[in-house]
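Chain by chain, the residues run as shown.
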Amino acid sequence: MIGSDISPAVDHLRAGELVAIPTETVYGLAANALNDEAVLQIFEAKNRPHFDPLIVHIGQRQLPMFEEYIHDEARTLMNTFWPGPLTVIIDKPPFIPDIVCSGLTTVGLRMPDHPLTQELLSEIDFPLAAPSANPFTYVSPTTAQHVEDQLGDKVSYILDGGPAKVGIESTIMRSDQGGIKVLRLGGLSLDELRKVEPNIELEINSNANPRAPGQLDRHYATQTPLLLVDDVEEAVKGSDLAKTAVIGMKLPELKGVNLKLDLSENGDVSEAARNLFAALRLADSEGIEKIICQKAPETGLGPAINDRLRRAAFR
Ligand code: AMP
Ligand code: MG
């Protein structure tokens, strides 16, 4: 059931059931992070392998539980960017079940910036484990309807908070003796992060990287084959235009192309990020045999968009 009333969401979560929650990044599939039976259902509903750890979502009410595990660098980042699209990896407190972290000694923590979910978190006394509310490796959901379409029969309630305002997943950071590292590009841009931490290094995960729980080469993927290109005009040549969808920003005219989805007509990368996953879902429809995506410029959220598109294109 979809609704915008938090009280059924609170009741279902307290009963150890799954509830889809709105956040500024994408919709999450949430369960009580302290209840391993409840968390297990997340993996089952998504068909997600157990080696892929979940992010723990908290509000001000849950923050004190984690205080003693948060060191200074992590605290600076949290103070600056929370609530917001930043996940910080910290040492795992013993009260977080191993299943949440896939057996790692660390846990990813985030305070989402969405009024309904913040209200929800203020009503419960436990944190929420929540990955994106989509089947494993598919495109993440940015509306309640996206969740209903794919996981409607697996969740007790979908809390509808409107379309996600950032539209791509959180940026994930870790800080340890080796410095501060970005593990996943996401909704908080490197430009913003570097204003606070100029010495940030990238350590973006892939299957080839053994320190890579979950950041799979193939991810965010449509069923329809997807091609990532620099020049869409060149790429559509030789395609069956009636069966081709094109996604990009400030797209040229492209006569004859069946489905043209412009993520931002005036080239605003944040707007493009917000529209990206809905466009991928729309393009992944009957009659389309090829999705051609134009690379985003490497500014602002552009690198995070391109990271998603590269993984979506990976075969
Ligand atoms: P999502 O499915 O978008 O919620 O993202 C979860 C992702 O966060 C996982 O696939 C990992 O890449 C990352 N993650 C979560 N917890 C950890 C952790 N303790 N250490 C490293 N990465 C993590
Ligand atoms: Mg996901």
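Look up: the structure comes first, before these words.
I will try to describe carefully the structure that is included in this document. Since the model is a prediction, treat every value here as computed from it, not as a measurement. (Residues numbered from 1 in each chain as written. Chains lettered and ligands numbered in written order. Predicted model: local features only at pLDDT ≥ 70, side-chain atom pairs only at ≥ 80, totals over all residues. Heavy atoms only, no water.)

### Quick notes on the overall build of the chain
What counts, and what does not: Elements are defined by DSSP. Helices are runs of H or I of four residues or more, strands are runs of E of two residues or more, and each kind is numbered from the N terminus. Restricting the calculation to C-alpha atoms gives the radius of gyration, and the globule rule supplies 2.2 Å times the number of residues raised to the power 0.38. Two residues qualify as a contact provided that any one of their heavy atoms is within 4.5 Å of a heavy atom in the partner residue. Surface accessibility in these figures is a Shrake-Rupley result with a 1.4 Å probe; residues are shielded only by whichever protein chains are displayed. Counted as positive: Lys and Arg. Counted as negative: Asp and Glu. His and the chain ends are not counted at all. A charge is said to be at NZ when it belongs to Lys, at CZ for Arg, at CG for Asp and at CD for Glu.
From N to C terminus, the chain includes ten helices and 15 strands. Relative to the compact-globule value of 20 Å for 315 residues, the chain shows a C-alpha radius of gyration of 19 Å, a close match. Across its three principal axes, the chain shows a C-alpha extent of roughly 60 × 45 × 35 Å. Considering only intrachain contacts with a sequence separation of at least 6, the fraction spanning at least 24 residues in the chain is 66%. Just so you have it, the chain exposes about 13,200 Å², and 48% of that area is on carbon and sulfur atoms. For the chain, the separation between the mean place of its 29 positive charges and that of its 45 negative charges on side chains is 5 Å.

### A closer look at the environment of Gln62
The condition that has to hold: Type-normalised accessible area, obtained with a 1.4 Å probe on protein chains alone, sets the label of each residue: buried when under 20%, exposed when over 50%, and partly exposed for intermediate values.
Within the secondary structure layout, Gln62 lies in the loop between β4 (55–57) and α3 (63–66). Looking at Gln62, the relative accessible area reads 0%, which means it is buried. Distance in space between the C-alpha atoms of Gln62 and Leu121 is 7.9 Å, their sequence separation being 59 residues.

### Quick word on the packing of aromatic side chains
Basically, it comes down to this: Side-chain rings of Phe, Tyr and Trp (the six-membered ring for Trp) are treated as a pair once their centres are within 6.5 Å; stacked means planes under 30 degrees apart, edge-to-face means over 60, and tilted covers the remaining angles.
Taken as a whole, this structure holds three aromatic pairs when the rule is applied. Geometrically, the ring pair formed by Phe66 and Phe95 is edge-to-face, given 5.4 Å between the ring centres and 65 degrees between the ring planes. One end of the pair, Phe66, is in helix α3; the other, Phe95, is in the loop between β5 (86–91) and β6 (106–110), and 29 residues separate them in sequence. On the basis of relative accessibility, which here comes to 0%, the residue Phe66 falls in the buried class. What makes Phe95 partly exposed here is its relative accessible area of 31%.

### Quick notes on the sheet that holds strand β15 (residues 290–294)
The condition that has to hold: Strand pairing is assigned whenever DSSP identifies at least 2 bridges connecting the two strands. Under this scheme, a helix contributes an axis fitted over its contacting stretch, all axes are lines through C-alpha atoms, and angles between N-to-C directions fall in the 0 to 180 degree range.
Taking strand neighbours across the sheet as the criterion, the four strands line up as β12-β15-β13-β14 in an open arrangement whose pairing is parallel. Two strands lie at the open edges of the sheet, namely β12 (226–229) and β14 (259–262), each paired on one side alone. Averaged over all pairs of adjacent strands, the angle between strand axes in this sheet comes to 15 degrees, irrespective of strand direction. In the sheet, strand β13 (residues 244–248) pairs with β15 via four bridges, with the strands oriented parallel. In the strand pairing of β15, Val246 is matched with Ile292. Taken strand by strand, helix α9 (residues 269–283) contacts β12, β13, β14 and β15, and its axis lies near 175 degrees from that of β14.

### Description of the packing of helix α1 (residues 6–14) against helix α5 (residues 115–123)
Basically, it comes down to this: Angular relationships are summarised with four words: roughly parallel below 35 degrees, roughly antiparallel beyond 145, roughly perpendicular across 65 to 115, and oblique for the angles in between. The hand of a helix crossing depends on one turn: near helix anticlockwise from the far one by less than a right angle means left-handed, and clockwise means right-handed. Under the scheme applied, nonpolar residues are Ala, Val, Leu, Ile, Met, Phe, Trp, Tyr, Cys and Pro; charged residues are Asp, Glu, Lys and Arg; polar residues are all the others, including Gly.
With their axes 10 Å apart at the nearest point, α1 and α5 run at an angle of 50 degrees to one another. The angle between the axes of α1 and α5 places the two elements in the oblique class. Judged by the twist between their axes, the crossing of α1 over α5 is right-handed. Listed contacts from α5 to Ile6, Ala9, Val10, Leu13 and Arg14 of α1 are Leu116, Glu119, Leu120 and Glu123. Grouping the constituent residues of the contact of α1 with α5 by class yields six nonpolar, no polar and three charged.

### Here we look at the sheet that holds β4
As summarised here, the arrangement of the eleven strands in space is β1-β8-β2-β3-β7-β4-β6-β5-β9-β10-β11, forming an open sheet in which the pairing is mixed. Since the sheet does not close on itself, it has two edges, and those belong to β1 (2–3) and β11 (201–202), each with one partner. Sheet analysis places β4 next to strand β7 (residues 128–129), joined by two bridges and oriented antiparallel. Its bridge partner being in β7, His57 is matched across the sheet by Leu128. Sitting on the sheet, helix α2 (residues 36–46) touches β3 (28–32) and β7, and the angle it makes with β3 is about 155 degrees.

### Description of the pattern of salt bridges
A side chain with one charge may pair with a side chain of the opposite charge, provided their charged atoms come close. The condition is simple: Should a side-chain nitrogen of Lys or Arg be within 4 Å of a carboxyl oxygen of Asp or Glu, the pair is scored as a salt bridge.
Using the criterion set out here, one finds 15 salt bridges in the structure. Here Lys255 ties to Glu253 by a salt bridge, and the two come within 3.9 Å at their closest N and O atoms. This pair shows no difference in class: Lys255 is exposed, exactly as Glu253 is. Here Arg308 and Asp307 are joined by a salt bridge, their closest N and O atoms 3.3 Å apart.

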